[in-house]
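Architecture and fold: a report
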Amino acid sequence: MPSSVNRRHVLATLGSFVAAPWLAPRVGRAGENWPIRQVRYVNGFPAGGATDTLSRLLCQKMSELSGQTFVVENKAGAGGVLGADVIAKSPPDGYTVGLGGIANNVLAIGSYAKLPYHPREDFTFISGMWQLPNILTAKKGLFSADIKELLAAFRKEPGKYTYASAGFGTTLHLSGEMMNSMAGVQVRHVPYRGAAPALNDLLGGNVDLLFDNLPGSLPSVRSGAIRPVAVTARTRLAELPDVPAMAELLPGYEITSWAGMVAPANMPADLVAQINALTVKALSDPWVKQRYADLGATTWPTTPQEISAYRDSEEARLLPIMKAAGIKPEGG
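Below you will find a few notes about this structure. (Residues numbered from 1 in each chain as written. Predicted model: local features only at pLDDT ≥ 70, side-chain atom pairs only at ≥ 80, totals over all residues. Heavy atoms only, no water.)

With respect to the overall build of the protein chain
A count of helical and extended segments in the protein chain gives eleven helices and ten strands. Taking 332 residues into account, the globule formula puts the C-alpha radius of gyration at 20 Å, and the protein chain, at 19 Å, falls close to it. With the principal axes as the frame, the protein chain shows a C-alpha extent of 65 × 50 × 30 Å. For the protein chain, buried positions account for 58% of its 332 residues. Residue pairs at least 24 apart in sequence account for 79% of intrachain contacts in the protein chain once pairs closer than 6 positions are excluded. Accessible surface, the protein chain as shown: approximately 13,500 Å² in total, 54% of it carbon and sulfur. Treating the 31 positive side-chain charges of the protein chain as one cloud and the 27 negative ones as another, the clouds have centres 3 Å apart. (Helix = DSSP H or I, 4+ residues; strand = E, 2+ residues; numbered from the N terminus. Rg over C-alpha atoms; globule rule 2.2 N^0.38 Å. Buried < 20%, exposed > 50% of the residue type's maximum accessible area, 1.4 Å probe, protein only. Contact = heavy atoms within 4.5 Å. Areas by Shrake-Rupley, 256 points an atom, 1.4 Å probe, with all protein chains shown as cover. Lys, Arg positive; Asp, Glu negative; His and termini not counted. Charge placed at Lys NZ, Arg CZ, Asp CG, Glu CD.)

Quick look at the pattern of salt bridges
For the structure on display, the rule yields 16 salt bridges. In this structure, Asp52 and Arg56 form a salt bridge, with 2.8 Å as the shortest nitrogen-oxygen distance. Taken as a pair, Asp52 and Arg56 lie in helix H2 (residues 50–66) at a separation of four residues, close to a single helical turn. (Salt bridge = Lys/Arg side-chain N within 4 Å of Asp/Glu carboxyl O.)

A few points about the side chain of Ser55
Checked against the element boundaries, Ser55 lands in helix H2. Looking at Ser55, its side chain comes within polar contact range of the side chain of Tyr41, at 2.8 Å. Here Thr51 takes part through its backbone oxygen, which lies 2.6 Å from a polar atom of the side chain of Ser55. In this structure, Ser55 is in contact with Tyr41, Asn43, Leu99 and Trp130, ignoring residues within four places of it in sequence. (Polar contact = N/O pair within 3.5 Å; in protein donor to acceptor, adjacent residues only side chain to side chain.)

Observations concerning the packing of aromatic side chains
Counting across every chain of the model gives eleven aromatic pairs. Taking the centre distance of 5.3 Å and the plane angle of 55 degrees together, the rings of Phe154 and Tyr161 count as tilted. Assigned by exposure class, Phe154 and Tyr161 land together as buried. The structure contains a cluster of three or more aromatic residues connected by ring pairs, namely Tyr117, Phe123 and Phe125. Taking NZ or CZ as reference, Arg37 lies 3.8 Å from the ring centre of Tyr95, over its face. (Phe/Tyr/Trp six-rings, centres within 6.5 Å; stacked < 30°, edge-to-face > 60°. Lys NZ or Arg CZ within 6 Å of the ring centre and 35° of its normal.)

Describing the environment of Pro133
With respect to the secondary-structure elements, Pro133 resides in strand E4 (residues 123–138). Of the residues examined, Pro133 reaches a relative accessible area of 10% and is grouped as buried. Distance in space between the C-alpha atoms of Pro133 and Ser66 is 30 Å, their sequence separation being 67 residues. Residues contacting Pro133, with those up to four places away along its chain left out, are Asn213, Leu214, Thr232, Ala233, Leu237, Thr256 and Gly296.

What to know about the nonpolar core
Core analysis: the largest hydrophobic core is formed by 50 residues, its most contacted members being Phe154, Met179, Leu209 and Met246. With near-sequence residues (within four places) excluded, Leu209 lies in contact with Leu136, Thr137, Ala138, Leu142, Leu150, Phe154, Thr162, Tyr163, Ala164, Val187 and Leu202. Residues Met62, Ala263, Ala282 and Leu295 belong to the second largest nonpolar core, which totals 34 residues. (Core = buried A, V, L, I, M, F, W, Y, C linked by side-chain atoms within 4.5 Å.)

Focus: helix H11 (residues 304–324)
Its 21 residues place the ends of H11 31 Å apart at the C-alpha level, agreeing with the 30 Å of an ideal helix rising 1.5 Å per residue. Of all the residues in H11, the buried ones are Pro304, Ile307, Ser308, Arg311, Glu314, Leu318 and Met322. Where H11 is buried, its residues contact helix H4 (102–111), E4, helix H6 (171–183), strand E9 (256–264) and helix H9 (269–283). Looking one or two places after H11, you find Gly326, whose phi comes out positive at around 85 degrees. (Expected span 1.5 Å × (residues − 1).)

A few points about the pairing of E9
Along E9, nine of the nine residues are buried, which leaves the element largely enclosed by surrounding structure. Bridge count between strand E3 (residues 96–101) and E9: four bridges; the pairing is antiparallel. Its bridge partner being in E9, Gly98 is matched across the sheet by Val262. Pairing of E4 with E9, which is carried by nine bridges, proceeds in the antiparallel orientation. Paired with Leu132 across the strands is Ser257, a residue of E9. (Pairing = 2+ DSSP bridges.)

A short note on the packing of H2 against helix H10 (residues 286–294)
Running from N to C, H2 and H10 cross one another at 170 degrees; their axes reach a closest spacing of 10 Å. Between H2 and H10, the angle is such that the two are roughly antiparallel. Across from Leu54, Leu57, Leu58, Gln60 and Lys61 in H2, the residues of H10 making contact are Trp287, Val288, Arg291 and Tyr292. Of the residues that constitute the contact of H2 with H10, the class distribution is six nonpolar, one polar and two charged. (Axes fitted to C-alpha atoms, helices over the stretch in contact; angles between N-to-C directions. Parallel < 35°, antiparallel > 145°, perpendicular 65-115°, else oblique. Nonpolar A, V, L, I, M, F, W, Y, C, P; charged D, E, K, R; others polar.)

Regarding H6
Taking 1.5 Å as the rise per residue, H6 with 13 residues should run 18 Å; its terminal C-alpha atoms sit 18 Å apart, in good agreement. By the criterion of burial, H6 is predominantly enclosed, with eleven of the 13 residues buried. Here H6 has its buried residues at Thr171, Leu172, His173, Leu174, Ser175, Gly176, Glu177, Met178, Met179, Asn180 and Ala183. At the exit of H6 stands Gly184, carrying a positive phi of roughly 70 degrees.

In structure tokens form, the structure reads like this:
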């Protein structure tokens, strides 16, 4: 468990990286060193959630290493789709990068009948950034936090209970629908525009359960404000050894959130190599690795080829699961 000093230090350093207005980018010259000016990092999820915290930690280190500021810009909505669209439609000059990953580059395919971008062709995949499990938590007033007792209650009273998520088409939504499908229960989905407002409503008792990325809910679990029920990893986690994996009751259940650094398509190879090198260097820094570990996440530096191939494999694995779980494309 991180010390209170570490937590205060993380919060203090993150405070200096709030989103700021962005000046219109200029297209860089081919072959020039990168970065020579401020870089915009677009996150398709709101401030305060796990993706925001992890992004700001990484951008802080990239700023320190490069001597140029990386400004986090939150463009929340549609499970990360709005932010991804901003990235896809930006010039491929290295001065707009951002968060891609399982939600906006894989799950969005099975969640929306029409997307404003192509999840594979409209992006340059730079590197992996992190991997982290999800966690199911319950409000303090719920009758039980034992997953076996909860599933039994869900079966007796279909539709009575609710689970919140960071939005339609996210790994958190899929986590809930996989539970419904594999356990034969009907827990109603309540989507939010990001994990932070969903957590706030769980704390307020307005929803019964919440599927969240582990870093977003871990502080509230540790403080006792909410009750841990299960994790979505294949096995139990070192951070929460007493919390069961969902797979212990539902064999084969597993869903992990992952994120990668992406940029617009058609980026020059030498520029891709420079951005990848800085991203990997930042993720390999002991300070970043420890801060991620404190939050329950694992740094995940990769080559551009590895992250692109991983995205392809996740599409092949998860889209059939989404269909089996009953997630139907919106907007058709």
